[in-house]
Amino acid sequence: MKKIQMVDLKGQYSKIKNEVDSSVLEVLDSTAYINGPRVHEFQKNLETYLGVKHVIPCANGTDALQIAMMGLGLKPGDEVITADFTFAATVEVIALLQLTPVLVDVDPINFNIDIDAIKKAITPKTKAIVPVHLFGMCANMEAIMQIASDHNLFVIEDNAQAIGSTYTYSNGTKAKAGTIGHVASTSFFPSKNLGCYGDGGAIFTNDDDLAHAIRGIVNHGMYERYHHDVVGVNSRLDSIQAAILDIKLKKLDIYNKARQNAARAYNKAFEGQTNIITPTGKDVCSGICDTCDCHVFHQYTLRIINSDRDALVKHLNEKGIPCGVYYPIPLHRQKAYLDERYNEDDFKVTNQLVKEVISLPMHTELDDEQIEFITTTVINFITA
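Residues numbered from 1 in each chain as written. Predicted model: local features only at pLDDT ≥ 70, side-chain atom pairs only at ≥ 80, totals over all residues. Heavy atoms only, no water.

Q: Kindly report on the nonpolar core, identifying the contributing residues and their values.
A: Counting residues in hydrophobic clusters, the biggest one holds 33 residues, and the most contacted among them are Ile 81, Phe 85, Ile 118 and Ile 144. Of all the secondary structure elements, the ones that give two or more residues to this core are β2 (79-83), β3 (100-104), α5 (115-121), α6 (141-151) and α11 (348-356). Sequence-distant contacts of Ile 81, that is, excluding residues within four places in its chain, are made with Val 102, Val 104, Ile 113, Ile 118, Ala 121, Ile 122, Thr 126, Ala 128, Ile 129 and Val 130. Counting residues in each nonpolar core, the second largest holds 24 residues, with Phe 297, Cys 323, Val 378 and Ile 379 among its members. (Core = buried A, V, L, I, M, F, W, Y, C linked by side-chain atoms within 4.5 Å. Buried < 20%, exposed > 50% of the residue type's maximum accessible area, 1.4 Å probe, protein only. Helix = DSSP H or I, 4+ residues; strand = E, 2+ residues; numbered from the N terminus. Contact = heavy atoms within 4.5 Å.)

Q: Would you mind going over the packing of aromatic side chains in detail, with residue names and values included?
A: One pass over the full model with this rule turns up 14 aromatic pairs. Here the aromatic rings of Phe 42 and Phe 188 are separated by 5.6 Å at their centres, their planes lie at 75°, and the arrangement is edge-to-face. Here Phe 42, found in helix α2 (residues 37-50), pairs with Phe 188, found in the loop between β8 (183-187) and β9 (201-205); they are 146 residues apart in sequence, far enough to count as distant. The residues Phe 42 and Phe 188 share a single accessibility class, namely buried. Where Phe 85 meets Phe 111, the ring centres are 6.1 Å apart and the plane angle is 75°; that geometry is what we call edge-to-face. (Phe/Tyr/Trp six-rings, centres within 6.5 Å; stacked < 30°, edge-to-face > 60°.)

Q: Residues and numbers for the pairing of β8, please.
A: Of all five residues in β8, five are buried, a share of seventy percent or more. Burial along β8 is two-sided: Val 183, Ser 185 and Ser 187 and Ala 184 and Thr 186, pointing in opposite directions, are all buried. Pairing geometry for strand β5 (residues 154-158) and β8, over three bridges, is parallel. When the sheet's bridge partners are listed, Asp 158 is paired in β8 with Ser 185. The sheet contact formed by β8 and β9 spans four bridges and is antiparallel. Looking across to β9, one finds that Ala 184 is bridged to Phe 204. (Pairing = 2+ DSSP bridges.)

Q: I'd love a proper account of the sheet that holds strand β14 (residues 357-360), names of residues and values included.
A: Reading across the sheet, the three strands line up as β12-β13-β14 and stay open at both edges, with antiparallel pairing between neighbours. Edge positions in the sheet fall to β12 (276-277) and β14, since each of these pairs with one other strand and no more. In this structure, β12 lies alongside strand β13 (residues 300-304), joined through two bridges in antiparallel fashion. Looking at β13, one finds that Ile 277 is bridged to Arg 303. In the packing of helix α10 (residues 309-318) onto the sheet, the strands contacted are β13 and β14, and the crossing angle to β14 comes to about 20°. (Axes fitted to C-alpha atoms, helices over the stretch in contact; angles between N-to-C directions.)

Q: Would you mind going over the packing of helix α1 (residues 9-30) against helix α8 (residues 239-249) in detail, with residue names and values included?
A: Relative orientation of the contacting elements α1 and α8 amounts to 140°, with a least axis distance of 9 Å. The orientation of α1 with respect to α8, classified from their angle, is oblique. In terms of crossing hand, the pair formed by α1 and α8 is right-handed. Between α1 and α8, the residues in contact are Gln 12, Ile 16, Glu 19, Val 20, Ser 23, Val 24, Val 27 and Leu 28 and Ser 239, Ile 240, Ala 243, Ile 244, Ile 247 and Lys 248, respectively. (Parallel < 35°, antiparallel > 145°, perpendicular 65-115°, else oblique. Left-handed = near helix turned anticlockwise from the far one by under 90°.)

Q: Talk me through the pattern of salt bridges; I want residue IDs and the actual numbers.
A: The full count for this structure, using the stated rule, is 14 salt bridges. A salt bridge links Lys 15 to Glu 365; the shortest N-O distance between them is 2.7 Å. Remark: Glu 365 occurs in the loop between β14 and α12 (368-383) and Lys 15 occurs in helix α1; sequence separation between them is 350 residues. Here Lys 15 falls in the exposed class, since its relative accessible area comes to 64%. (Salt bridge = Lys/Arg side-chain N within 4 Å of Asp/Glu carboxyl O.)

Q: Tell me what's going on with α12, and back it up with residues and numbers.
A: Here α12 contains 16 residues, and its C-alpha end-to-end distance of 22 Å stays within 8% of the 22 Å for a straight helix at 1.5 Å per residue. All of the buried residues along α12 are Gln 370, Ile 371, Ile 374, Thr 375, Thr 377, Val 378, Ile 379 and Ile 382. In this structure, the buried side of α12 is in contact with α9 (252-269), β12, β13, α10 and β14. The opening residue of α12, the one whose side-chain oxygen lies 3.2 Å from the backbone nitrogen of Glu 369, is Asp 367. (Expected span 1.5 Å × (residues − 1). Polar contact = N/O pair within 3.5 Å; in protein donor to acceptor, adjacent residues only side chain to side chain.)

Q: Account for the sheet that holds strand β4 (residues 126-130), with residues named and values stated.
A: The strand order across the open sheet built from seven strands is β1-β9-β8-β5-β4-β2-β3, with neighbouring strands paired in mixed fashion. Either end of the sheet is taken by a strand with one partner, and the two such strands are β1 (54-58) and β3. Sheet twist, expressed as the mean angle between neighbouring strand axes with direction ignored, is 25°. When β2 meets β3, the two strands line up parallel, connected through five bridges. Of the residues in β3, the one forming a bridge with Thr 82 is Leu 103.

Q: Describe the side chain of Asp 158, and please don't skip the residues or the numbers.
A: Among the structural elements, Asp 158 can be located in strand β5. As a buried residue without a salt bridge, Asp 158 has its nearest oppositely charged side chain in Lys 192, at a separation of 7.4 Å. Here the side chain of Asp 158 touches Thr 90 through a polar contact of 2.8 Å, side chain to side chain. Excluding residues within four positions of it along the chain, Asp 158 makes contact with Leu 65, Thr 90, Val 130, Pro 131, Val 132, His 133 and Ser 185. (Lys, Arg positive; Asp, Glu negative; His and termini not counted.)

Q: Just give me the short version of the environment of Ala 311, but keep the residues and values in it.
A: When you line up the elements, Ala 311 lands in helix α10. Taking the C-alpha atoms as reference points, Ala 311 and Phe 381, 70 residues apart in sequence, are found 9.2 Å from one another.

Q: Hey, could you go over the environment of Leu 50 for me, with residue numbers and the actual values?
A: Structurally, the position occupied by Leu 50 is in helix α2. On the basis of relative accessible area, Leu 50 is assigned to the buried category, the value being 5%. Sequence separation of Leu 50 and Thr 166 is 116 residues, and the distance between their C-alpha atoms is 9.6 Å. In this structure Leu 50 touches Val 55, Lys 176, Ala 177, Thr 179 and Phe 204, once residues within four positions along its chain are discounted.

Here it is as structure tokens:
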């Protein structure tokens, strides 16, 4: 059996090596390293794939989220509601811009922001909602957009983990994650479903005026060289990374399908295990349906109940099986984001999840032998 990796970037690269190497050499030969033709080609191709009017590439996913907020003109003191159960970058940029983060609980089934919690958190100072499409599944965007419309709020989708996921409205229409809110951000960190070989990110929007503002912000506030019309930053996707991403974008649906198939295999192996709660697709699904497009499994995350999750982590590592706990400490308990307004009773789901969740290896190169070994090892420990 091949060595099990949490993310097998080398195995994936080996299958596209010739295309990647050739494209990188073309960029090197052109010396168009910043904002070169390959960046613009990737931008256009990603716009087509997503069905969105504007993609603005930038240096990384955290920058993308910050720049999206800057483009909306949010002011210090404005309140921004987001999920407590997510990576710190989401709340980090809110604080950096001197906005006021308002953390709320999440849904116990799909781990995304809880709709009722959003409603309870709205105040006259609320200006935006940041739903995080966690682990590869789109949040309930139809409900979120209705709340935003009712209260005149912006919606900024944090799509760092769910590129390629599809959201289905109650009337059956579909839209790609990241194209529904007023603006969205994504990350091309190497381990993402669409990842480059360094850092990278992008902002998406269908708003022409907002796109114009963001294009200036990413480039020192310039629309014309040496004319600084707005306060900006230096955040650009380089041509080498764009060339790599353009190759991988053409394979993204295949990559996501491989992840979905791996998730189905995991779920099947764990059937009947009462101490293991497996991930599902939409709330109405009992599992992962054969036509699943709502979840692209950036992570495959279990809940371990009535058993010792931390001891399982140690056991898996001893057996050569990497795993992860995303995320072990809620954001509302992190030293940087403590706030006397928070009440532990408002974070019952998050406080439970951090004790139970464990993410197993998930990538495009997983094979049946590896999945069988991983699942058998988990089950043997749980049932011992």
